[in-house]
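Single-letter residue listing:
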Amino acid sequence: MQEIVCTGCSCLCDDVVYGDTVYHACRKGYRLLTGKKEENSVNGEKTDVYRALKAARDVIDGKKLLIFGLDNVTCEAQELALKLAKDFNAAIVDHSALSGGKLLELSERLDSVSLEKFRDEGYVSIYWGANPHNSIPRLLSRFTYYPRCGKRQRGYEEDRFLVVADVRKSETAKLAEKSKTGLFIRIEKDDELVDSFLKALNGRAGKYPEVARILKEVEKAEVNAVFGGSGLCSGLKDFDKFEDVMKKSGLYFIPATSKTNMRGFLETVAEVTGCRCYGYDFERGACLNLKDLPEVFACCEAVMVIGADPLRTLPHELSKRLAGKVVVAINSLKSLVRLLKPKVTIASTLSAFSSGTMVRLDGVKVELKELKEMKESEGKTLSDEEVLKELLSM
Amino acid sequence: MPSPMEIYKLLPKTNCGECGEKTCMSFAFKIISREKKLEECKPLFSPKFEKNRKKLEEMLEIVKKAEETGLVVNEELCIGCANCVVSCPVHVEKDPYNAAMGRGIKMENPILRIENGVVKVVELNLCRRYGKNRTLCIVCRENCPTDAISFVEEM
Ligand code: SF4
Ligand code: SF4
Ligand code: SF4
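Residues numbered from 1 in each chain as written. Chains lettered and ligands numbered in written order. Predicted model: local features only at pLDDT ≥ 70, side-chain atom pairs only at ≥ 80, totals over all residues. Heavy atoms only, no water.

(A) Spatial organisation of the packing of aromatic side chains. Residues and elements named next belong to chain A. A complete count under the given rule lists twelve aromatic pairs over all chains for this structure. Ring geometry for Trp128 versus Phe197: centroids 5.9 Å apart, planes at 20°, classification stacked. Within this pair, whereas Trp128 is found in strand β7 (residues 124-128), its partner Phe197 is found in helix α10 (residues 190-201), the two being separated by 69 residues in sequence. Measuring from ring centre to ring centre gives 5.5 Å for Tyr145 and Tyr156, while their planes differ by 55°; the resulting arrangement is tilted. Of the two residues, Tyr145 sits in the loop between α7 (139-144) and α8 (156-159) while Tyr156 sits in helix α8, which places them eleven residues apart along the sequence. The residues Tyr145 and Tyr156 share a single accessibility class, namely buried. Within the aromatic cluster, the residues linked to one another by ring pairs are Trp128, Phe197, Phe242 and Phe253. One cation-aromatic arrangement involves Lys102 over Phe239; the distance from NZ or CZ to the ring centre is 4.6 Å. (Phe/Tyr/Trp six-rings, centres within 6.5 Å; stacked < 30°, edge-to-face > 60°. Helix = DSSP H or I, 4+ residues; strand = E, 2+ residues; numbered from the N terminus. Buried < 20%, exposed > 50% of the residue type's maximum accessible area, 1.4 Å probe, protein only. Lys NZ or Arg CZ within 6 Å of the ring centre and 35° of its normal.)

Encoded structure:
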C-alpha cells in the first residue's frame, strides 16, 4: 500500500492510499485508478512499446500534425509535447478553449487564494455555475465547507456559509438549501446576479435580494471566495462587470475547473510560447482560440492524442473532423479512441502512478508520488514523459 | 427530531426535582439523550398537564424508534465525496488532524471510511445513535448530496 496523488480531477487529492483496496479516493478517482489499461498496438495488432514508438515516429514524420489532449498528463510531459509540436511545426491544443480556459484567465486577473488558506480561514463560499458534486467530488469535504481547522474550528454548521448560484438545483445546491447557514439562488441570467451584486454594493436592491445577506456575511471574515464553474463561463456576457463585483466586494476567485492539469497546460504554453492562450499553431506562429479549432482539426493530416478521449469530451462538431485522420494515441486507459482506429497506440503509465508535477485548480503545484510497486495488472509501461522523450530522441 | 427547548416548553417548568434533575431543562436534555424517561416526571402525569404529555409522547415517538435503528448506506448512490466522513462529529473528535481537516481518515476502525470509491460502514458501535448516551445524530445523512445514507426507521 502506498500513498499517491489521485489525478482524477483538478483537486489532486494527495491522501489517497493505493493497494488491493483503494482508500479515500472518491468514485471518480477510483474509476480512474482502476480503469482498464491500454495496450501497445500498431494497426490494431498488439506489439511492444519500442515497435509502437518507432511506428508512431514514422506516422508523424512529414505530416501536418495536430497534438490534442494533455490535460491529464504532467507539466513535464506537456513541456515535451510542446517541444514536439515546435519541432514538427504542429498545432497543439487541450480542452481549455472549449471550457475552463476563460475561468483560468479570470483567476489570473482577480485576487485568488490557495485551497489550504480557504480551508483554514474561508467563511463564505459561493459556487457560481459550479456543481463540484460531479466534477470535483471532494472539493467541499477536503477544502471548502466541511473541514474544521485553522480559524474554522466550529465547522460548517456555525463557521461557514455556503451559497450556490445556478440555473438548476444541483446536488451542491441541495446541500446549500438544506443548510442552516447557506442559501441557493436559482438564477436565470448570470449577468442579472452580477447586477444585483453591484446594486447591493451601492445599498440598493436588485433582482436577487439574497445578495444583500451574502454581502453581510462576507463582512464577517477576511477570506471569502467565488468558485466559478463552467456555468458562469458560458452564461456570463459582461466579464468586466463581474470583475468589478469581485474587486469591490473583496471576494477571492477560485476557478472550479475540473480538468486535472489544464492549469498546468496553460502555464506551460505561456512559458514556451510567451503567449497566454489556449493552444498554439507553430506553423503559423499563432495562438489558437475556440474559433480556430474547426479549421485546425479539419486541416491536419495526423493527430496525436495524448492522455485524452476526444470522442467523449469533444463536441461532435469537432470530433467528427477526426474521422479519416491518421491517429497516434498515447493513453494509459482504454477509451473510445479505439473507434478512430488508431494506426498506433502507445500505452503509458497512469499519471497518478508516475512522478512529475501537476497544477491544482487554485494554481498550487502538486508533486505526484510515483508508485513503487506496480501490480501485475499494471504491467511495465513508460510514463507520458518517457514516451515523449523517446519520440523526440528518434 | 425535537430540540431540548421544544421538550422543555411542554414540561411543568417548576424545577421541582422529582425526576432527580435540578432543572426541567436538564431533564429535557436527558430525555433527548435517552438517559431519562418521560414517566420520571411525576407532575406531567397529572390531569393538569395531560395535553402537554400527549404532545410530548407524540414528539418522542421518533426518539423511541431510533433505539432499534441502524445506519444504512446505499453504495450504488454513493459517489465517495466523503462529506459524511468529514462532518461526522465522532470522527472530528477522534481524528482531529485528518478526517476533521478533510484528509483521508486515519483513525483505526472509524464509523465510516471511503474504500474503493464508496463509503463503507466500518465500526457502527461508535456512532452517536448507539450506546448509553445515544442521540439522534443525523449529520452524515443531512450532508449526503445523493441521499445514499438513511436510518432504518426511515426505510
Ligand atoms: S476529488 Fe478528484 S482528485 Fe480527489 S479523489 Fe476524487 S477524482 Fe481524485
Ligand atoms: S449518525 Fe452521526 S455519529 Fe453516526 S455516523 Fe452519522 S454523523 Fe457520525
Ligand atoms: S456523503 Fe453520501 S455520497 Fe458522499 S461519501 Fe457519504 S454516503 Fe457517499
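(B) View of the interface of chain A and chain B. Counting residues at the interface gives 27 residues for chain A, matched by 32 residues for chain B. Of the roughly 2400 Å² buried where chain A meets chain B, counting both sides, 49% is carbon and sulfur surface. The three residues of chain A that bury the most area against chain B are His24, Arg27 and Arg148 of chain A, which together make up 24% of that side's buried surface. Joining chain A to chain B, the criterion identifies one salt bridge. For Asp14 of chain A, the salt bridge goes to Arg103 of chain B, with nearest N and O atoms at 3.2 Å. If you look at where chain A meets chain B, you find 14 residue pairs in polar contact (both at pLDDT 80 or more). Listed by contribution, the elements that provide at least two residues to the side of chain A that touches chain B are α1 (27-33), α7 and α9 (171-178) of chain A. When the residues that make up the side of chain A that touches chain B are grouped by side-chain class, the tally is twelve nonpolar, four polar and eleven charged. (Contact = heavy atoms within 4.5 Å. Buried area = accessible area lost by both parts, 1.4 Å probe. Salt bridge = Lys/Arg side-chain N within 4 Å of Asp/Glu carboxyl O. Polar contact = N/O pair within 3.5 Å; in protein donor to acceptor, adjacent residues only side chain to side chain. Nonpolar A, V, L, I, M, F, W, Y, C, P; charged D, E, K, R; others polar.)

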